Amino acid sequence: MKARIMKAFLEEVHEKSMKFTMEDLAKRLGISKRTLYEQFASKVDILDAIIDSTLQEFDEKTEAIMQSPHLTLIEKIKKTMTVIPKYNDFYTWQILEQMKKSYPDQWTRIHTALNEWDELQELIEQGIQEGLIADHNVPLLMKLIIEAANATMDRQFFLENRITVEEALDEIVDILLYGMVKVDRM
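Residues numbered from 1 in each chain as written. Predicted model: local features only at pLDDT ≥ 70, side-chain atom pairs only at ≥ 80, totals over all residues. Heavy atoms only, no water.

A. Spotlight on the overall build of the protein. Within the protein one finds 11 helices and 0 strands. Going from N to C terminus, the protein has its helices and strands arranged as α-α-α-α-α-α-α-α-α-α-α. Based on the C-alpha atoms only, the size of the protein along its principal axes is roughly 65 × 35 × 30 Å. By the burial criterion, 40% of the 186 residues in the protein qualify as buried. When contacts within the protein are restricted to residue pairs at least 6 apart in sequence, those whose partners lie at least 24 apart make up 65%. Charge centroids of the protein, computed over 23 positive and 33 negative side chains, lie 8 Å from each other. (Helix = DSSP H or I, 4+ residues; strand = E, 2+ residues; numbered from the N terminus. Buried < 20%, exposed > 50% of the residue type's maximum accessible area, 1.4 Å probe, protein only. Contact = heavy atoms within 4.5 Å. Lys, Arg positive; Asp, Glu negative; His and termini not counted. Charge placed at Lys NZ, Arg CZ, Asp CG, Glu CD.)

Below you can see the structure in the form of structure tokens.
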């Protein structure tokens, strides 16, 4: 039931932004408000559950990549950069702006998570030490990577250019890892 409520919450957000009531959500689900409140005490509780689920899934996928003995270091970097949680369509600039105004504590959690990527930094530093990654300023590399990955939250751009978030992220990672210059031109 909780997963169903969270999914309906996301649908309400996409249709009405953050300006819907628990009554609206109960109607969408075809349940009573009482049943809804038995699962979640408020919209904030639902939002927290969505954020918790997203961050947990992101961490679990990243940890699995980090621990995989079957991946090379470069493969780990690429896979870590392309982890997309199941609620990724929730994280758009418009929704985050609404969240910033209406739910600042939740926005802070997401903002912090979007701007920290310790596991990736660890992999990049290892790559530099092993001579697989060019020796660049790591904080600058991390800023570039984070900003590029966060660009996927501009869903309008992707719709206009008929590219999925997954395709965009794969291409962004290829450009960041392998550059824009053709190898035979170097």
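B. Looking closely at the packing of aromatic side chains. Within the structure shown, the criterion is met by 4 aromatic pairs. Geometrically, the ring pair formed by Phe9 and Phe20 is edge-to-face, given 5.2 Å between the ring centres and 75 degrees between the ring planes. Here Phe9, found in helix H1 (residues 2–16), pairs with Phe20, found in the loop between H1 and helix H2 (22–29); they are 11 residues apart in sequence, far enough to count as distant. Each member of the pair, Phe9 as well as Phe20, is classed as buried. With a centroid separation of 6.2 Å and an interplanar angle of 50 degrees, the aromatic rings of Phe58 and Trp117 are classed as tilted. With Phe58 in helix H4 (residues 43–67) and Trp117 in the loop between helix H7 (104–114) and helix H8 (118–129), this pair connects stretches of sequence that are 59 residues apart. On the accessibility criterion, Trp117 (9% relative accessible area) is buried. Cation over ring: Lys43 sits above Phe20, and NZ or CZ is 4.4 Å from the ring centre. (Phe/Tyr/Trp six-rings, centres within 6.5 Å; stacked < 30°, edge-to-face > 60°. Lys NZ or Arg CZ within 6 Å of the ring centre and 35° of its normal.)

C. The arrangement of the packing of H1 against H2 in detail. Running from amino to carboxyl end, H1 crosses H2 at an angle of 115 degrees, the nearest separation of the two axes being 10 Å. Between H1 and H2, the interaxial angle falls into the category roughly perpendicular. Taken as a pair, H1 and H2 cross one another with a handedness that is right-handed. For the pair H1 and H2, contact is made by Arg4, Ile5, Ala8, Phe9, Glu11, Glu12, Glu15 and Lys16 and by Asp24, Leu25, Arg28 and Leu29, respectively. Considering only residue class, the contact of H1 with H2 consists of 5 nonpolar, no polar and 7 charged. (Axes fitted to C-alpha atoms, helices over the stretch in contact; angles between N-to-C directions. Parallel < 35°, antiparallel > 145°, perpendicular 65-115°, else oblique. Left-handed = near helix turned anticlockwise from the far one by under 90°. Nonpolar A, V, L, I, M, F, W, Y, C, P; charged D, E, K, R; others polar.)

D. The arrangement of the nonpolar core in detail. If you look at the biggest cluster of nonpolar residues, it comprises 29 residues, and the most contacted ones within it are Phe9, Leu25, Ile46, Phe90 and Met99. Among the elements of the structure, H1, H2, H4, helix H6 (93–102) and H7 are those that each provide at least two residues to this core. Considering each element in turn, this core owes the most residues, 6 residues, to H1. Dropping the residues within four chain positions of it, Met99 is found in contact with Met18, Leu47, Ile51, Phe90, Pro104, Gln106, Trp107 and Ile110. One finds Met66, Leu73, Ile145 and Val165 within the second-largest nonpolar core, a separate group that totals 20 residues. (Core = buried A, V, L, I, M, F, W, Y, C linked by side-chain atoms within 4.5 Å.)

E. Summary view of the pattern of salt bridges. Counted by the stated rule, this structure contains 13 salt bridges. Linking Glu38 and Arg34 is a salt bridge whose minimum nitrogen-to-oxygen distance equals 3.6 Å. A residue pair is termed a helical-turn pair when its members lie 3 or 4 positions apart in one helix, as Glu38 and Arg34 do in helix H3 (residues 33–39) at 4 residues. Like Arg34, Glu38 is exposed. A salt bridge links Asp174 to Lys78, with the nearest nitrogen and oxygen atoms 2.5 Å apart. In this pair, Asp174 is assigned in helix H11 (residues 165–178) and Lys78 in helix H5 (residues 73–81), connecting sequence segments 96 residues apart. Judged by relative accessible area, which is 29%, Asp174 ranks as partly exposed. Through salt bridges that share partners, Lys7, Glu11, Glu12, Glu15, Lys16, Asp24 and Arg28 make up one connected network. (Salt bridge = Lys/Arg side-chain N within 4 Å of Asp/Glu carboxyl O.)

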